[in-house]
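Descriptive analysis of the structure
One letter stands for each residue in the lines below.
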Amino acid sequence: MKQLFAIFGNPVSHSKSPLMHNLSFQGLKFDGCYARYLLEEGSRLKETFFSLGLKGINITVPHKEHAYAACDVLDPFAQKVGAVNTIVEKEGKLYGYNTDAPGFLKAISEFENVKTVLFLGAGGTAKSTSIILKEAGYEVTILNRSGDRLTYFKENGFETYTFEDFRPKPYDLVINMTSAGLEDDALPAPSDILEKVIPTAKACVDVIYGKETPFLKLAKNQNKPTKDGSDMLLYQGIIAFEYFTDHTFSFEEIKPYMQKAFIL
Ligand code: NDP
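Just so it is clear, the model here is predicted, and its values are computed rather than measured.

Taken in spatial order, the six strands of this open sheet run β9-β8-β7-β10-β11-β12, and their pairing is parallel. Only two strands of the sheet have a single partner each, and these edge strands are β9 (159-162) and β12 (226-227). Each of β7 (116-120), β10 (173-176), β11 (203-206) and β12 is contacted by helix α9 (residues 214-221), which is oriented at about 165 degrees to β11, the strand it contacts most.

Written out as structure tokens, the structure reads:
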């Protein structure tokens, strides 16, 4: 019987996930179908999931915390970071996972000899990715516009700064973890700060995909290697697909099919 999957978000029309997963189902001859669903009320996630007869979902902005709350069983990492972006139904129970963070870790693993990382931003994505990077041995420093969001990072042992108290020093990687540049032309931090941290970086990374953000433009102008959020999106999708298909396929088997979504 065909298994049904979806992405829940608001907005959701821009999402590449349906194409990524449907190309993979087709290529791997798995009887599945993946749609996008505009979920307006995050509190209705669980009842919507069951009323649509779904086997699994991905969850995007702004419902990752509702997704966490909706799960009956949490993967230990998802539990630690308090955010779920993949849910699979098994025997009537919802199992929750976070694939954004391992996807991001894999995406930056192409940069060699990297130890110190500066995160610009302290939102939900920064939370899960900072924890996985720390567990992998990176030293992550968090710089955010406002101080309120820094509490979580302080409690988890990260060095944290706002723009006002930041004293720039060299970092191997500088990463835009904010939504600055997504729908505007904003930089993630004041240019006087960026002009100090970009020149000493080995590379600059943005989690935003599908466009060249002002941050990446600035880094390119300074002849730095850059990387946008496409690989993060691809890798989190492959890891989600592994969960959706109960690990019937390996990462390397899924990759060529899911990758096609980025050239279409
Ligand atoms: P959140 O809303 O949780 O956090 C937003 C963060 O951005 C906050 O730190 C906020 O700072 C900061 N910010 C927003 N606008 C500005 C600005 N103009 N100047 C400086 N700081 C700003 O967002 P998420 O963590 O959920 O998402 C962050 C980004 O990650 C988004 O662009 C999203 O598209 C991307 N993403 C990419 C994925 C991928 O697969 N490539 C997966 C998941 C997310 P403050 O606290 O001061 O408000």
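Right, picking up where we left off after that structure.
Among the 25 residues in the neighbourhood of the ligand, the closest are listed as T125, N144, R145, R149 and V207. In this structure, G124 approaches the ligand through a main-chain N or O atom, which is 2.9 Å from an oxygen atom. Contacts to the ligand include S146, whose side-chain N or O atom sits 2.9 Å from an oxygen atom. Here the ligand loses 81% of its free accessible area of 940 Å² to cover by the protein chains.

Here the focus is the nonpolar core. In this structure, F104, V117, F119, L133 and L173 are the most contacted members of the largest nonpolar core, which totals 53 residues. The biggest single contributor to this core is helix α10 (residues 230-244), with nine residues. Residues from two domains meet in this core; each of domain 1 (3-99 + 231-262) and domain 2 (112-224) gives at least three. In this structure L133 touches F104, L105, I108, V117, F119, Y138 and V140, once residues within four positions along its chain are discounted. Residues L118, L120, V174 and I198 belong to the second largest nonpolar core, which totals 19 residues.

Our focus in this paragraph is the UniProt feature "active site" (unreviewed entry) in the chain. Here the UniProt feature "active site" (unreviewed entry) sits at K64. Here K64 is to be found in helix α3 (residues 64-70). Setting aside its immediate chain neighbours within four residues, K64 contacts I59, A83, V84, N85 and D100.

Here we have six strands laid out as an open sheet, ordered β2-β1-β3-β5-β6-β4, and mixed in their pairing. Each end of this open sheet is capped by a strand with a single partner; those strands are β2 (32-38) and β4 (73-74). Here strand β3 (residues 56-59) pairs with strand β5 (residues 86-90) via three bridges, running antiparallel. Bridged to G56 within β5 is V88. Helix-sheet contacts for helix α1 (residues 17-27) involve β1 (3-9), β2 and β3, and the interaxial angle to β2 is about 170 degrees.

A separate point is α1. Looking at α1, one finds that the buried residues are S17, P18, M20, H21, L23, S24 and F25. Elements in contact with the buried residues of α1: β1, β2, β3, α10 and α11 (251-259). One or two steps after α1, the chain reaches K29, where phi turns positive at roughly 55 degrees.

When its domains are assigned, the chain resolves into domain 1 (3-99 + 231-262) and domain 2 (112-224). With centres defined by C-alpha atoms, the gap from domain 1 to domain 2 works out at 27 Å. Between domain 1 and domain 2, the contact holds eight residues from the first and ten residues from the second. Both sides together, the interface formed by domain 1 and domain 2 hides about 770 Å², and carbon and sulfur atoms give 64% of it.

Applying the stated criterion across every chain, the model contains 16 aromatic pairs. Taking the centre distance of 5.3 Å and the plane angle of 80 degrees together, the rings of Y152 and F153 count as edge-to-face. The exposure class of Y152 is buried, given its relative accessible area of 18%. Between Y235 and F251 the ring centres are 5.7 Å apart and the planes differ by 45 degrees, which places this aromatic pair in the tilted class. Linking Y235 in helix α10 with F251 in helix α11, this pair joins segments that are 16 residues apart in sequence. Each member of the pair, Y235 as well as F251, carries the same accessibility label: buried. By way of ring pairs, the aromatic residues F5, F25, F30, Y34, F241, F244 and F249 are connected into one cluster. Directly above the aromatic system of Y95 lies the positively charged group of K90, at a separation of 4.5 Å from the ring centroid. The ring of F251 carries the charged tip of K106 above its face, separated from the ring centre by 5.0 Å.

All right, on to the packing of α10 against α11 then. Packing of α10 against α11 leaves a shortest axis separation of 10 Å and a crossing angle of 125 degrees. Compared by their axis directions, α10 and α11 come out oblique. Here the hand of the crossing between α10 and α11 comes out right-handed. On the side of α10, the interface is formed by L234, Y235, G237, I238, I239, F241 and E242, while α11 contributes F251, I254, K255, M258 and Q259.

What counts, and where the lines are drawn
- Residues numbered from 1 in each chain as written.
- Predicted model: local features only at pLDDT ≥ 70, side-chain atom pairs only at ≥ 80, totals over all residues.
- Heavy atoms only, no water.
- Pairing = 2+ DSSP bridges.
- Helix = DSSP H or I, 4+ residues; strand = E, 2+ residues; numbered from the N terminus.
- Contact = heavy atoms within 4.5 Å.
- Axes fitted to C-alpha atoms, helices over the stretch in contact; angles between N-to-C directions.
- Near = heavy atom within 4 Å.
- Polar contact = N/O pair within 3.5 Å; in protein donor to acceptor, adjacent residues only side chain to side chain.
- Areas by Shrake-Rupley, 256 points an atom, 1.4 Å probe, with all protein chains shown as cover.
- Core = buried A, V, L, I, M, F, W, Y, C linked by side-chain atoms within 4.5 Å.
- Buried < 20%, exposed > 50% of the residue type's maximum accessible area, 1.4 Å probe, protein only.
- Domains from an automatic or database assignment.
- UniProt positions renumbered as here; feature names shortened; annotations may be inferred.
- Buried area = accessible area lost by both parts, 1.4 Å probe.
- Phe/Tyr/Trp six-rings, centres within 6.5 Å; stacked < 30°, edge-to-face > 60°.
- Lys NZ or Arg CZ within 6 Å of the ring centre and 35° of its normal.
- Parallel < 35°, antiparallel > 145°, perpendicular 65-115°, else oblique.
- Left-handed = near helix turned anticlockwise from the far one by under 90°.

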